[in-house]
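# Observations on the three-dimensional arrangement
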Amino acid sequence: MASASRPNSLEEDDDDAEEEVQHFDDFTLASSWERFISDIEATCRQWLADGPRNLVEKGAVAMEDSKNLFKVKHDLKNVEKSYCMEFYFQIDDNGGQQAGIDNWNSNSHDLQLCFGVKDFLLIAPQSASGVLLDSPESSKLLSSVAIALSNCASLWPAFVPVHDPSRKAYIGIQNMGTVFTRRFEADRIGSQVPVKLMHLEGLYELFISKFVYSGVDFSMHNFRVHFRMRLTYQTFPYDEEDEENDMDELMDDKADNAEHHGSESRNKVHWDDDCPWSEWYSAEDPLRGFELVVTWDDRTVENTMEMAELENASPHEAEKWILHPILSPYLGDPSRGKRIDFASQLLCLVEALDMSFTAQFMEDFVSVEYPSSENLKTSLVIPPQTVLDRVIKDLFHEGSKLPDFTKGEHKLSRALKAAPLESLFTQFCLHSLWFGNCNIRAIAFLWIDFVREVRWCWEETQPLPKMPNDGSIDLSTCLINQKLHLLAICIEKKREMNEEFLDCIGSEDSSDASVSMEEHPKVDKRKNTSSEADLQRKRDSSIAEDTSNRLRFERKTESTNSVDHSPTYAMRRGSAGPVGTMMLLKSHQRLHAPFTQDPPLMTEDMHEERLQAVEAFGDSLNVPGQLEKDILLSDMSAFKAANPDAVFEDFIRWHSPGDWESFEPKTTEPSAASNTEGSTDQWPPQGRLSQRMSDQGNLWRKSWHDAPALQADDQKPLLDPNREGEKILHYLETVRPHQLLEQMACTAFRGSADTLNQTNYGNMKQMTSKLEQLYFIIKSTLGGLQRNNLPDRAETVKDLRRLCVVFEHVEKLVTVAASLHRKFLDASRLAQVIFSEFYGIYVPLMGINSNDEENKSRTEMEVSRQEVTLRERQVVSNLFSPPSANQSWRKVLSMGNLLNGHEPILREIIFSTGDDVNNGIHYAAAADVAATSDRRGEEIETHRMYVSGTSNDLRVALSVTSCD
């Protein structure tokens with residue numbers, strides 16, 4: 001049994017060994033190139049088996065220029081060299097492979113555009129140049145790839161780079177089935193392009209020469225060729241040299257009027273001269289230019305004459321226009337260069353606020369006795385005196401017309417405790433942003449001079465510019481703006497008092513002079529005038545007490561249907577008319593309402609002092625403050641003058657009806673509007689004082705007995721303009737630096753936002769919502785500053801720095817919207833589409849912290865190309881303004897197809913011709929042939945030539961399909 005089983009086991013081993021020998025590949029007998037081909041074939045088989053979707057999942061790299069183009073690579077080694085084989089393939093958004101390739105797809109790979117292929121292989125040596133300089137080696141390498149692709153039944157085209165890298169030369173091959181083979185070749189001329197090849201006729205003849213005998217006269221025969229052309233135009237970039245030359249020309253014309261022509265040159269140079277921020281700075285145009293791609297679709301030409309006509313054709317005759325805005329790099333990279341805008345200067349103001357806590361007064365930052373003054377002098381410089389004088393002149397001496405304080409005001413502006421945009425303090429804050437780069441020392445210099453100029457206006461009784469001299473104090477604004485408003489009112493009242501006083505003195509002097517001239521014809525003229533010292537002394541005296549009877553006029557009371565006309569009625573003064581049918585208690589006369597003085601104007605801090613006094617004394621009825629007592633006495637005096645026979649109860653009935661308890665029927669009410677008493681039967685009115693007014697020692701009754709009968713015009717004013725004015729100036733001169741800087745920060749943020757809000761950006765709703773968000777963010781961030789309470793100084797300054805970053809982003813969006821709106825006034829659709837896309841790209845980046853990776857991605861941010869409709873073409877054409885002499889000096893030879901004098905920066909042409917296929921049955925891959933060709937039906941593309949370049953650069957890529 002054992003002996004029988006052993007031979008069987010040996011036979012099985014022999015069978016296994018024989019089967020193993022049958023599948024053994026002996027590479028020891030193969031050459032190195034055969035092993036190289038085998039390696040290529042194995043890699044291609046693996047890629048074919050995986051398919052595009054699996055290759056992406058396995059880590060295929062997406063190309064930067066196209067989101068649908070991917071590549072995988074594999075390293076190949078030969079005996080002497082190493083190569084890298086890359087497979088490029090395209091998939092659609094759903095993960096499937098795309099059916100074809102667009103001839104003019106701007107995101108296509110260079111080889112796809114040159115040869116009209118879709119998926120392809122690229123094999124290059126792993127060397128510094130990445131190209132093959134040896135022609136036999138390149139042919140042998142391409143043959144090896146072709147054999148490998150044929151073995152795995154692949155129809156991928158394969159390319160090999162050859163010659164010098166600057167030539168961008170390639171050779172390639174593609175197996176299209178069992179019969180057809182397609183060969184590729186591309187090369188480039190980098191300089192000295194033949195004149196004939198600069199024009200379409202020469203390029204047409206070059207293509208014809210590839211399939212027609214050289215001895216044929218092309219001009220005498222017609223050759224049907226398919227033609228496509230794409231021209232790329234670009235606006236001239238910003239050129240500082242051109243700007244300087246233009247300005248020099250203007251200055252040379254009229255040197256004696258340099259400032260005027262300097263402004264004209266500025267108007268010609270800067271794009272934002274009519275934008276609201278141009279008063280403070282000139283922004284870089286966020287749109288550096290435009291790229292326009294004009295496309296002529298497929299058409300058939302038969303001779304050189306047709307090509308000449310096409311070269312002279314206007315771009316407006318093309319079938320398609322595609323516009324591509326070129327964004328400025330600073331939009332994506334804030335660190336690129338030094339930016340100058342509101343956001344950057346507001347950040348400097350925040351730093352100044354942080355330093356303001358180190359001193360007690362603003363003078364400390366400029367004083368030589370201050371310990372840190374030396375460090376401030378070396379690190380923080382201030383502009384020269386001429387700049388300071390120019391700023392002060394702009395604030396105080398530029399025009400006397402009162403501005404529109406609602407200008408630029410957003411509906412959310414008043415939620416910020418600041419000042420209106422056109423007010424004096426806001427203009428000071430905006431000027432300070434640009435004064436000495438807004439450092440604390442420069443602000444101190446400017447503030448001291450500002451207060452000095454305000455005091456001059458006060459002492460010389462000159463109107464305070466950019467501030468109203470009437471109306472009520474707006475307590476929603478910052479305290480300094482309230483103070484300046486009250487000071488402007490005090491100056492106006494002081495001026496009126498001085499004018500009245502001078503009129504009175506003049507009338508006295510004239511009357512005395514007339515009497516003296518009659519008695520003494522020869523009188524020294526010096527006696528008729530007052531010295532300045534006497535005038536100043538008289539001006540400071542109490543005008544209300546000494547000359548009230550001569551300075552004031554009595555108001556005339558209207559005659560009314562009173563019950564009687566006693567002589568007492570004629571003594572009424574300052575009456576505004578009877579109050580309904582109310583009657584006096586002790587006299588059968590109508591109760592008249594007096595003209596009273598307006599309540600004195602008060603700023604926010606004055607109201608707080610008054611409330612603190614009320615809280616300290618408790619019941620407000622006891623009249624704790626002098627101001628309340630003065631107001632009550634004024635009203636009582638005016639009431640007595642208008643009602644000479646009135647008693648204390650009559651005053652209570654008019655001034656405080658709630659403290660009079662009437663015994664009359666309910667139909668009769670004591671109010672002025674609805675009182676019905678007036679008949680003889682109802683007099684005297686029945687009633688009594690309330691309990692609190694009847695108490696012994698009531699201050700109201702005591703004040704009634706002390707109040708004289710004086711109408712409002714004869715009373716001492718409740719508001720003393722001299723006293724209040726000096727108090728305001730004292731506040732401005734001694735304000736704490738941090739309190740000043742806090743109000744400056746709030747006002748500067750609001751003023752900057754209101755300035756941006758004036759920008760005309762058309763119907764871009766995104767900007768409207770974004771500006772509203774900015775105001776909300778400013779309000780929430782500045783809440784601590786508006787309450788004059790900083791619980792955490794460091795955290796507040798940190799929040800303000802973040803606010804500056806947000807402001808910077810919104811400011812960039814505003815400039816982009818304004819630039820687009822200005823350029824597309826008559827093509828609003830384009831402006832809105834471009835801005836919407838930019839907005840969608842930029843806004844997600846606003847909340848990301850800056851880092852190197854983010855900055856790199858931001859600099860490459862761009863918007864997509866937009867198709868231009870026929871109606872919009874003229875607007876787009878106007879963007880390409882005719883070139884100046886400095887811009888067109890380089891244009892020696894023209895290629896034609898000019899757009900407003902602009903020559904195409906790139907001309908791309910595709911020539912193609914085809915031949916009929918006999919039903920396509922003879923070929924193993926007829927469907928693939930039809931897919932890779934540009935012809936439909938039974939026509940196969942036999943010759944295709946892609947030409948690109950300018951008059952100084954020409955690149956030609958040729959593909960020929962032949963039957964081998």
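Above this text sits the structure in question.
Within each chain, residue numbers correspond to sequence positions counted from 1 in written order. For a predicted model such as this one, the threshold for reporting local features is a pLDDT of at least 70, and the threshold for listing and counting side-chain atom pairs is 80 or more; totals across whole chains, interfaces and linings nevertheless cover every residue. Heavy atoms from the whole structure form the basis of all side-chain values; hydrogens and water molecules are not counted.

On to the overall build of the protein, then. What counts as a helix is a DSSP run of H or I of at least four residues, what counts as a strand is a run of E of at least two, and both are numbered from the N terminus. Scanning the protein for helices and strands turns up 31 helices and 18 strands. Residues classed as buried in the protein amount to 47% of the 964 residues present. A separation threshold of at least 6 residues defines the contact pool for the protein, and within that pool the share at least 24 residues apart is 72%. Surface accessibility in these figures is a Shrake-Rupley result with a 1.4 Å probe; residues are shielded only by whichever protein chains are displayed. Element-wise, carbon and sulfur atoms account for 49% of the exposed surface of the protein, whose accessible area totals about 49800 Å². When accessible area is computed with a 1.4 Å probe and restricted to protein chains, residues below 20% of their type maximum are described as buried, those above 50% as exposed, and intermediate ones as partly exposed. Residues are treated as being in contact if the distance between any of their heavy atoms lies within 4.5 Å.

What follows covers the nonpolar core. Nonpolar cores are built from buried Ala, Val, Leu, Ile, Met, Phe, Trp, Tyr and Cys residues. Side-chain atoms within 4.5 Å join them into one set. Residues Phe425, Trp447, Leu464 and Phe824 are the most contacted members of the largest nonpolar core, which totals 152 residues. Sequence-distant contacts of Phe425, that is, excluding residues within four places in its chain, are made with Ala419, Trp447, Cys478, Ile480, Leu484, Leu740, Gln743, Met744 and Thr747. Leu55, Val72, Phe87 and Ala158 belong to the second largest nonpolar core, which has 32 residues in total.

So, about the pairing of strand S8 (residues 225-234). Burial of S8 is extensive: 9 of the 10 residues sit out of reach of the surface. When DSSP locates at least two bridges between a pair of strands, those strands are taken to pair. Pairing of S8 with strand S9 (residues 287-301) involves 9 bridges; the strand directions are antiparallel. The residue of S9 that forms the bridge with Gln234 is Glu291. Bridge analysis of S8 against strand S16 (residues 906-916) gives 7 bridges, and the strand direction is antiparallel.

Now for the side chain of Glu811. Checked against the element boundaries, Glu811 lands in helix H27 (residues 793-823). Ignoring any residue separated from it by four or fewer positions in sequence, one finds Glu811 in contact with Tyr281, Asp341, Phe342, Ala343 and Leu756.

The backbone of Thr461 shows a phi angle near 55 degrees, a positive value even though the residue is not glycine. Backbone geometry at Asn897 places phi at a positive 55 degrees, although glycine is not the residue there. Here Asn897 is to be found in the loop between helix H30 (873-879) and S16.

So, about the packing of H27 against helix H28 (residues 828-842). Fitting a line to C-alpha atoms yields each axis, with helices limited to the stretch in contact; the angle taken between N-to-C directions then spans 0 to 180 degrees. One way to put it is that H27 packs onto H28 with a least axis distance of 10 Å and a crossing angle of 160 degrees. Relative to H28, the element H27 is oriented roughly antiparallel. For the pair H27 and H28, the sense of crossing is right-handed. Across the interface between the two elements, His809, Lys812, Leu813, Val816, Ala817 and Leu820 of H27 pack against Ala831, Ile834, Phe835, Phe838, Tyr839 and Tyr842 of H28. Tallied by class, the residues present in the contact of H27 with H28 amount to 10 nonpolar, 1 polar and 1 charged. Roughly parallel refers to an angle under 35 degrees, roughly antiparallel to one over 145, roughly perpendicular to one between 65 and 115, and oblique to any angle outside these ranges. Left-handed describes a crossing whose near helix is turned anticlockwise from the far helix through less than a right angle; right-handed describes the clockwise counterpart. The nonpolar class holds Ala, Val, Leu, Ile, Met, Phe, Trp, Tyr, Cys and Pro. Asp, Glu, Lys and Arg form the charged class, and all remaining residues, Gly among them, are polar.

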